[in-house]
Amino acid sequence: ERMEEELVKNQRLDSLGMLAGGIAHDFNNLLTGIMGNISLAKMLKDIDPVKMIKRIEESEKACQRAKELTQQLLTFSKGGDPVKKTVRIEPLIYESVNFSLRGSNVRPSFSIPENLGLVDIDEGQMNQVINNLVINADQAMPNGGTLRVSCKNVDIAEQNPHSLRAGAYLECTFQDEGEGISEQVQQKIFDPFFTTKEVGRGTGQGLAISHNVIKEQHGGKIDIQTVPGEGTTFLIYLPRKETK
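Residues numbered from 1 in each chain as written. Predicted model: local features only at pLDDT ≥ 70, side-chain atom pairs only at ≥ 80, totals over all residues. Heavy atoms only, no water.

A. Representation of the overall build of the protein chain. A tally of helices and strands in the protein chain yields six helices and seven strands. In sequence order, the protein chain lays out its α and β elements as α-α-β-α-β-β-α-β-β-α-α-β-β. Taken over 244 residues, the protein chain has a buried fraction of 37%. Excluding contacts between residues fewer than 6 apart, the proportion of contacts in the protein chain whose partners are at least 24 apart in sequence is 72%. Surface exposure of the protein chain reaches about 14800 Å², of which carbon and sulfur atoms provide 51%. (Helix = DSSP H or I, 4+ residues; strand = E, 2+ residues; numbered from the N terminus. Buried < 20%, exposed > 50% of the residue type's maximum accessible area, 1.4 Å probe, protein only. Contact = heavy atoms within 4.5 Å. Areas by Shrake-Rupley, 256 points an atom, 1.4 Å probe, with all protein chains shown as cover.)

Shown next as structure tokens:
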């Protein structure tokens, strides 16, 4: 029993080390961007005021990303309570997907009907989820491809494979054309700190945070369908607002 306790303690320390290392790496990149842009802005202040303002704006964007990273950690620790409002999710999906694929050789394809129902969501947290899923899809297609994003209204019955309460839901799918995910990896994919990426390219928080946001903060479900060699589809189910 003492050996088991020691093993569990060591595993927790390893996980905390991975988390701390990932946070330090991400924050270091953000701070480097902020400091670099501020230094360039100081050099440009008497030469090209327009370019100086551009550098200051880039610094502001990096500060915003640092804020979002902090929010991710709060969400993961369940310390960040969602601030929900009733919205149409389509604009958020279009904006988040296109932004996350900026500069990528992966192209989005959307299939979203006009009669999509409303949902109660925290837009900041949902943006994190979409961003995480798109980044995973992008990295699954290093040679380029198409990310197919679709949404539809669905009604979930009492007996369903998703372990959801019966009711009205919104189903959003993100389908890539990558190599798929092995059964062994599928079993761990939503575990905190689990990652198949190279050191420095990921901390294993993205999908764990997404799972927390969808299930714990929004009462929904995130699921995965994949066949090795044939791509992966992530499915999100969010409770839909009934319109009178």
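B. Molecular detail of the environment of Asn 29. Mapped onto the elements of the fold, Asn 29 is located in helix 1 (residues 2-44). We classify Asn 29 as partly exposed; its relative accessible area is 43%. Note: C-alpha distance between Asn 29 and Ala 62 (33 residues apart in sequence) is 9.2 Å.

C. Quick look at the packing of aromatic side chains. The full count for this structure, using the stated rule, is one aromatic pair. Both rings, one in Tyr 94 and one in Phe 110, keep their centres 4.7 Å apart while their planes meet at 65°; by these two values the pair is edge-to-face. Highlighted residues: Tyr 94 in helix 3 (residues 90-100) and Phe 110 in strand 2 (residues 106-111), separated in sequence by 16 residues. Residue Tyr 94 is classed as partly exposed on the basis of its relative accessible area of 33%. (Phe/Tyr/Trp six-rings, centres within 6.5 Å; stacked < 30°, edge-to-face > 60°.)

D. Representation of the environment of Leu 238 in the model. Mapping Leu 238 onto the fold places it in strand 7 (residues 232-241). Leu 238 sits in the buried class, given a relative accessible area of 2%. Separated by 24 residues in sequence, Leu 238 and Ile 214 place their C-alpha atoms 7.4 Å apart. In contact with Leu 238, other than residues within four places in its own chain, are Ile 89, Val 119, Ile 121, Met 126, Ala 168, Tyr 169, Leu 170, Ile 214 and His 218.

E. View of the pattern of salt bridges. Scanning the model with the defined rule gives ten salt bridges in all. Measuring nitrogen to oxygen at the nearest pair gives 3.6 Å for the salt bridge that ties Asp 120 to Lys 241. Separated by 121 residues along the polypeptide, Asp 120 in strand 3 (residues 118-121) and Lys 241 in strand 7 bring together distant segments of the chain. What makes Lys 241 partly exposed here is its relative accessible area of 37%. (Salt bridge = Lys/Arg side-chain N within 4 Å of Asp/Glu carboxyl O.)

F. Representation of the pairing of strand 4 (residues 145-156) within the structure. Pairing of strand 2 with strand 4 involves six bridges; the strand directions are parallel. From the neighbouring strand, Pro 108 faces strand 4, where its bridge partner is Leu 147. Pairing analysis gives nine bridges linking strand 4 to strand 5 (residues 167-175), with the strands arranged antiparallel. Its bridge partner being in strand 5, Lys 152 is matched across the sheet by Glu 171. (Pairing = 2+ DSSP bridges.)

G. Layout of helix 3. Taken as a whole, helix 3 has its buried residues at Glu 90, Leu 92, Ile 93, Ser 96, Val 97 and Ser 100. The arc enclosing the buried residues of helix 3, seen along the axis, measures out at 160°, which places them on a common side. Summarising the geometry of helix 3, the exposed residues directed more than 90 degrees from the buried face are Pro 91 and Glu 95. Each element contacted by the buried residues of helix 3 is listed here: strand 2, strand 3, helix 4 (123-140), strand 4 and strand 5. (Arc of directions from axis to C-beta.)

H. Inspection of the confidence of the model for the protein chain at higher detail. Considering every residue of the protein chain, the mean pLDDT works out to 81; 78% of them sit at 70 or more. Contacts from residues 198-204, a stretch scored under 50 in pLDDT, to residues over four places away or in other chains number 14 contacts. (pLDDT = per-residue confidence, 0-100.)

I. Inspection of the nonpolar core at higher detail. If you look at the biggest cluster of nonpolar residues, it comprises 34 residues, and the most contacted ones within it are Ile 89, Ile 93, Val 97, Leu 147, Phe 174 and Ile 236. Mapped by element, the contributors of at least two residues to this core are helix 3, strand 3, helix 4, strand 4, strand 5, helix 6 (206-217), strand 6 (221-226) and strand 7. When residues in this core are grouped by element, the largest group, six residues, is from helix 4. Excluding residues within four positions of it along the chain, Leu 147 makes contact with Val 97, Leu 101, Val 106, Arg 107, Pro 108, Ser 109, Val 134, Ala 137, Met 141, Phe 174, Gln 175 and Asp 176. (Core = buried A, V, L, I, M, F, W, Y, C linked by side-chain atoms within 4.5 Å.)

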